[in-house]
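Here is what each chain is made of, one letter per residue.
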Amino acid sequence: MSETTRPPIQRVAVLIPTYNERDTLPVIVARLREVVPDADLVVLDDNSPDGTGAVADALAAADPRVQVLHRAGKEGLGAAYLAGFEWALERGYDAIVEIDADGSHRPEHLPALLAAAADADAVIGSRWVPGGAVVNWPLHRKALSLGGNIYVKVLLGMPVNDATAGFRVYRADALRVMGLHDVASQGYCFQTDLTWRAVRSGLRVVEVPITFVEREVGDSKMSRAVMTESLRRITGWGVRHRATQVRDLVGGARQPRWHSL
């Protein structure tokens, strides 16, 4: 797919996972409807106890471009996105967008990401490329994110600077090629998992600079458990990847060399 001309993107589904986002969701939906008026917005609510699901239903009742998927409970970011991918793929969308509901991802960047998808299989809204930026983050958060991405890049050998970023566009065909049936990652590790699958599948991954804004309302979903899962899984992938490289290198060196007479 990476070497062929890609078909135009006509139908776009924007997935918005929510958990206790009743105050920010209407704002994000309004901004998205303004910048991508032809896209369909799909709220993935994990039975938020603050009533976000009811707010989403009201938005959907007022706008046919807004859909809501009510989930039984809080199962993690990865599970929510996988449900959204399945919903969008079954309905024939050409591209599927990931975006947070808390305002940290500026909807105004989305047209640039979709434009980049014209010649890419996956597009990442990146904080750590020239032109990218982070607003309202303390130094230790910047160090954690930047250091984590350097760790991922070195360990897995991926040509991606922001593998943990959550603002993305995937072509539907790319998701099918990547294979989602055995994805078990949650939290921010989910994003690295999908990036790794895209790279290993030979897909074209492009990074577009964005300005990430730390949320001002509600609580961050980052936790020690999320960080621990990410470190454990990424280290495991990296160790297996490097072990395979060494095995292939040694195996190649042991192959007999034939000389013509």
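The structure under discussion appears in the preceding block.
Overview of the structure.

Parameters at a glance
Residues numbered from 1 in each chain as written. Predicted model: local features only at pLDDT ≥ 70, side-chain atom pairs only at ≥ 80, totals over all residues. Heavy atoms only, no water. Helix = DSSP H or I, 4+ residues; strand = E, 2+ residues; numbered from the N terminus. Buried < 20%, exposed > 50% of the residue type's maximum accessible area, 1.4 Å probe, protein only. Contact = heavy atoms within 4.5 Å. Areas by Shrake-Rupley, 256 points an atom, 1.4 Å probe, with all protein chains shown as cover. Pairing = 2+ DSSP bridges. Axes fitted to C-alpha atoms, helices over the stretch in contact; angles between N-to-C directions. Phe/Tyr/Trp six-rings, centres within 6.5 Å; stacked < 30°, edge-to-face > 60°. Lys NZ or Arg CZ within 6 Å of the ring centre and 35° of its normal. Core = buried A, V, L, I, M, F, W, Y, C linked by side-chain atoms within 4.5 Å. Patch = residues over 30% accessible without salt bridge, like charges linked within 9 Å, V, L, I, M, F, W, Y side chains within 5 Å. Salt bridge = Lys/Arg side-chain N within 4 Å of Asp/Glu carboxyl O.

1. Comments concerning the overall build of the protein chain
Link 1 in the chain: Within the protein chain, the regular secondary structure consists of eight helices and nine strands.
Link 2 in the chain: A total of 261 residues make up the protein chain; the buried ones form 49% of that total.
Link 3 in the chain: Within the protein chain, contacts between residues separated by at least 24 positions form 82% of all contacts whose residues are at least 6 apart in sequence.
Link 4 in the chain: Carbon together with sulfur atoms contributes 56% to the accessible area of the protein chain, which is approximately 12,900 Å² in total.

2. Some words on the sheet that holds strand S2 (residues 40–45)
Link 1 in the chain: Strand order across the open sheet formed by seven strands is S3-S2-S1-S4-S7-S5-S8, with mixed pairing between neighbours. Here the strands that pair on one side only, and so sit at the sheet edges, are strand S3 (66–70) and strand S8 (205–209). Shown here is a sheet whose adjacent strand axes are inclined to one another by a mean of 20°, direction ignored.
Link 2 in the chain: In this sheet, strand S4 (residues 95–98) lies alongside strand S1 (residues 12–18) in parallel orientation, the contact comprising four bridges. Bridging across to S4, Leu15 finds its partner in Glu98.
Link 3 in the chain: On the sheet, helix H2 (residues 52–62) packs against S1, S2 and S3 and is oriented at approximately 150° with respect to S3.

3. A few points about the packing of aromatic side chains
How two aromatic rings sit relative to each other is set out by the distance from centre to centre and by the angle between their planes.
Link 1 in the chain: For the coordinates displayed, the defined rule picks out six aromatic pairs.
Link 2 in the chain: A centroid spacing of 6.1 Å and a plane angle of 15° characterise the contact between Tyr81 and Phe190, whose relative ring orientation is stacked. Separated by 109 residues along the polypeptide, Tyr81 in helix H3 (residues 77–90) and Phe190 in helix H7 (residues 189–200) bring together distant segments of the chain.
Link 3 in the chain: By relative accessible area, which is 0% here, Phe190 ends up buried.
Link 4 in the chain: An angle of 25° between the planes, with centres 6.4 Å apart, marks the rings of Phe85 and Phe190 as stacked. You can see Phe85 sitting in helix H3 and its partner Phe190 sitting in helix H7, a full 105 residues away along the chain.
Link 5 in the chain: For Phe85, a relative accessible area of 0% puts it in the buried group.
Link 6 in the chain: Among the aromatic side chains, those forming a connected cluster through ring pairs are Tyr81, Phe85, Tyr170 and Phe190.
Link 7 in the chain: Taking the ring centre of Tyr93 as reference, the NZ or CZ of Arg11 above it sits at 4.0 Å.
Link 8 in the chain: The side chain of Arg127 reaches across the aromatic face of Phe212, ending 5.4 Å from its centre.

4. Describing the nonpolar core
Link 1 in the chain: Among the nonpolar cores identified, the biggest contains 30 residues, and Val14, Ile16, Leu32, Leu110 and Val169 are the most heavily contacted of them.
Link 2 in the chain: Where this core is concerned, the elements lending two or more residues are S1, helix H1 (25–35), S2, S3, S4, helix H4 (110–116) and S8.
Link 3 in the chain: For Leu32, the contacting residues outside a window of four places in its chain are Val14, Ile16, Pro37, Leu41, Ile99, Pro107 and Leu110.
Link 4 in the chain: Listed in part, the 26 residues of the second largest apolar core include Val42, Phe85, Ala88 and Ala174.

5. Topic: a nonpolar patch on the surface
Link 1 in the chain: Together, Leu146, Ile150 and Val154 line one region of the surface with nonpolar side chains, adding up to about 270 Å² of accessible area.
Link 2 in the chain: As for its placement among the helices and strands, Ile150 is situated in helix H5 (residues 139–156).

6. Here we look at the pattern of salt bridges
Link 1 in the chain: All chains considered together, the criterion is met by 14 salt bridges.
Link 2 in the chain: Asp40 is paired through a salt bridge with Arg65; the nearest N and O atoms lie 2.9 Å apart. Here Arg65 lies in the loop between H2 and S3 and Asp40 lies in strand S2, a separation of 25 residues in the sequence.
Link 3 in the chain: Given a relative accessible area of 11%, Asp40 falls into the buried group.
Link 4 in the chain: When the shortest N-O distance is used, the salt bridge between Asp182 and Arg197 registers 2.9 Å. Of this pair, Asp182 sits in the loop between helix H6 (172–178) and H7 while Arg197 sits in helix H7, and the two are 15 residues apart along the sequence.
Link 5 in the chain: Residue Asp182 is classed as partly exposed on the basis of its relative accessible area, which comes to 44%.
Link 6 in the chain: The network of salt bridges with shared partners includes Arg6, Asp119, Asp121 and Arg204.

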